Amino acid sequence: MIKYMIQLLFMSILLTVFACRKRSTDSALSPRIVIAEPGIGDTIDVSVNPELHIEFTASSDKGLHALEVIFVRNNTDTLLHENPSVMDLKAYPYHEHYLLSATSSIESYQLHIRAEDHDGAVSEEMVPIFAQP
Amino acid sequence: MIRFIYVLIFFGLLFQAAKACDVCGCAPAGNALNFLPEFQKHFVGIRYQYQGFRSLPHEDHTNTLPTTEHFYTFQAYGRLVIHQRLHLLAFVPYRVNQRSTESDALNLSGLGDITLQAQYLIFNNYGTNAKFRNALQVGAGLKLPSGKFDALDDGLMIHNNMQLGSGSFDFSANIIHTLRLKAWGLNTSMMYNRPGENVYQFRFGHQVNVNTRAFYLHEMKKLTLMPQVGCMYDFAGADYLKNVSQTHTGGNQWSLHAGADVYFKSFALGFQATRAIHEHMAEGHITSLTRFQCNLIYFLKHKPIFKS
């Protein structure tokens, strides 16, 4: 009986040890959004090349929960509103080409990116750009 | 019972190779079968492959620099002869991917995508008195997404071609024919690879490889030397992202290769160099460097596990 108890105790200790997890020291970190293009304040010459290249990566060690990409013209017209499926991914590469319509004057645009991880931490990035005829 | 033990040892070796790389991470690799001698023998082996490319930036990335990419693959592989006609193969790669520009460098290393393959010997008259000896086999393979495919560099996802794995289950099929006339021989293979889609809805383009090589068996006292030369054609379709064909991907390449295998007792040592002679890859933005490969094989047993 004592032998059985010792075995049980030994197994319990082993289970306890293997159940331990190193606690993350960066629990306060929000998801990371790194934008390759466009750069803040970039000006697109629509008559030369109307294509806007949007490329960024959202990442989180906790795992991403949601991602929202909004592209707005003159703070009023929503041209693009996407919610890519990122559930449980640790990183998500976003890569799209958007064709800007012809313009007669300089117009302002805003790229808004919002990422949320599984802990509810949120990161946001706002990139203003301009388009000229 | 002994057969069962061989099966256990074989898969045990594979398991150890995979387990050893769990800590580092993981890659897509060309698993061209190459020349696999001695149909009726199990073997385990190691293979080293080098591939290099120079890439020019295209119009979508006007602010990037030309890059040079080096891909080093260290691969453990083996064959288990289940039956005289049915062979199982496994390839476990460890990859080191390097990309360099004038200003920075990127290094990735870890376990790549493991491939399992079955080959069926349709016809074989080796060991008969026929003047022309033929062997014809067909095969099918499955590449597993064991390599890491979401590595980042300064917070940005690294290009799919540079990742250690593709993140997808890929299906492949092949047909291999070997013709022998006395000491001369001709080995021809065709391989088709159909990559699957990963969680980012990215899919590499399908690939076709046609390879033919002429060889000569030169018997010496204790070893056999087999020099060989050949020609290879590779085609890759465009990659797809969210079902949209990607520009600057895919292409085709003609190349020549030369090498030699040396057989000594239960060992086979091989070397091969491959040089592209005509290529059009990524709409002309990628050129390849000379590729090298060497391998060492140890033959385990002379008889199949199950005889017909």
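Each value, and the rule that gives it
As a convention, each chain's residues are numbered from 1 in the sequence order in which they are written. Written order determines the labels here, with chains lettered from A and ligands numbered from 1. Selection of residues for local features in this predicted model requires a pLDDT of at least 70, selection of side-chain atom pairs for listing and counting requires 80 or more, and totals for whole chains, interfaces and linings are taken over all residues. With hydrogens and water set aside, each side-chain value is computed from the structure's full complement of heavy atoms. The helix count covers DSSP runs of H or I at least four residues long, the strand count covers runs of E at least two residues long, and both are numbered beginning at the N terminus. Burial classification: accessible surface area is computed with a 1.4 Å probe over protein chains only, and a residue below 20% of its type maximum counts as buried, one above 50% as exposed, and the rest as partly exposed. The method behind every accessible area is Shrake-Rupley, applied with a 1.4 Å probe, and residues are considered shielded solely by the protein chains displayed. Contacts are assigned to residue pairs with any non-hydrogen atoms lying within 4.5 Å of each other. By buried area we mean how much accessible surface two parts lose on assembly, using a 1.4 Å probe and totalling the loss over both. Any Lys or Arg side-chain nitrogen found within 4 Å of a carboxyl oxygen on Asp or Glu counts as a salt bridge. Contacts described as polar in this section are N or O atom pairs within 3.5 Å, which, within protein, must combine one atom able to donate a hydrogen with one able to accept it, while residues neighboring in sequence count only if both atoms come from side chains. Strand pairing is defined by DSSP finding a minimum of two bridges between the two strands. For helices, the fitted line uses only the C-alpha atoms of the stretch in contact; every axis is such a line through C-alpha atoms, and the angle between N-to-C directions lies from 0 to 180 degrees.

Draft legend 1. Expanded view of the overall build of chain B. In terms of helices and strands, chain B carries one helix and 20 strands. Each of the 308 residues in chain B was classed as buried or not, and the buried ones make up 46%. When the accessible surface of chain B is split by element, carbon and sulfur atoms take 63% of a total near 15400 Å².

Draft legend 2. Molecular detail of the interface of chain A and chain B. Between chain A and chain B, the contact holds 18 residues from the first and 13 residues from the second. Both faces combined, the contact of chain A with chain B buries some 1200 Å², and carbon together with sulfur accounts for 56% of it. Taken as a group, A:Thr57, A:Ala91 and A:Pro93 account for 27% of the area that chain A buries against chain B, more than any other trio of residues on that side. Our enumeration of links across chain A and chain B arrives at one salt bridge. With a closest N to O distance of 3.5 Å, A:Glu96 and B:Lys242 form a salt bridge. For the pair chain A and chain B, the interface holds four residue pairs in polar contact (both at pLDDT 80 or more). Looking at the side of chain A that touches chain B, the elements that each hand over two or more residues are β1 (32-37), β3 (51-59) and β6 (91-99) of chain A.

Draft legend 3. Structural context of the sheet that holds β3(A). All names here are of chain A. Spatial ordering of the open sheet is given by β1-β3-β6, a layout of three strands whose pairing is antiparallel. Each edge of the sheet is formed by a strand with only one pairing partner; in this case those strands are β1 and β6. Sheet twist, expressed as the mean angle between neighbouring strand axes with direction ignored, is 20°. Bridge count between β1 and β3: five bridges; the pairing is antiparallel. Looking at β3, one finds that Val 34 is bridged to Thr 57.

Draft legend 4. Just unusual backbone geometry, in detail. Here A:Glu37 and A:Pro38 are connected by a cis peptide whose omega angle stands at 0°. Inspection of the secondary structure assignment puts A:Pro38 in the loop between β1 and β2 (43-45). Although it is not a glycine, B:His248 adopts a positive phi angle of roughly 60°. In this structure, B:His248 sits in the loop between β16 (244-245) and β17 (251-264). Even without a glycine there, the phi angle at B:Glu283 is positive, about 55°. If you trace the backbone, B:Glu283 turns up in the loop between β18 (267-281) and β19 (286-288). The exposure class of B:Glu283 is partly exposed, given its relative accessible area of 43%.

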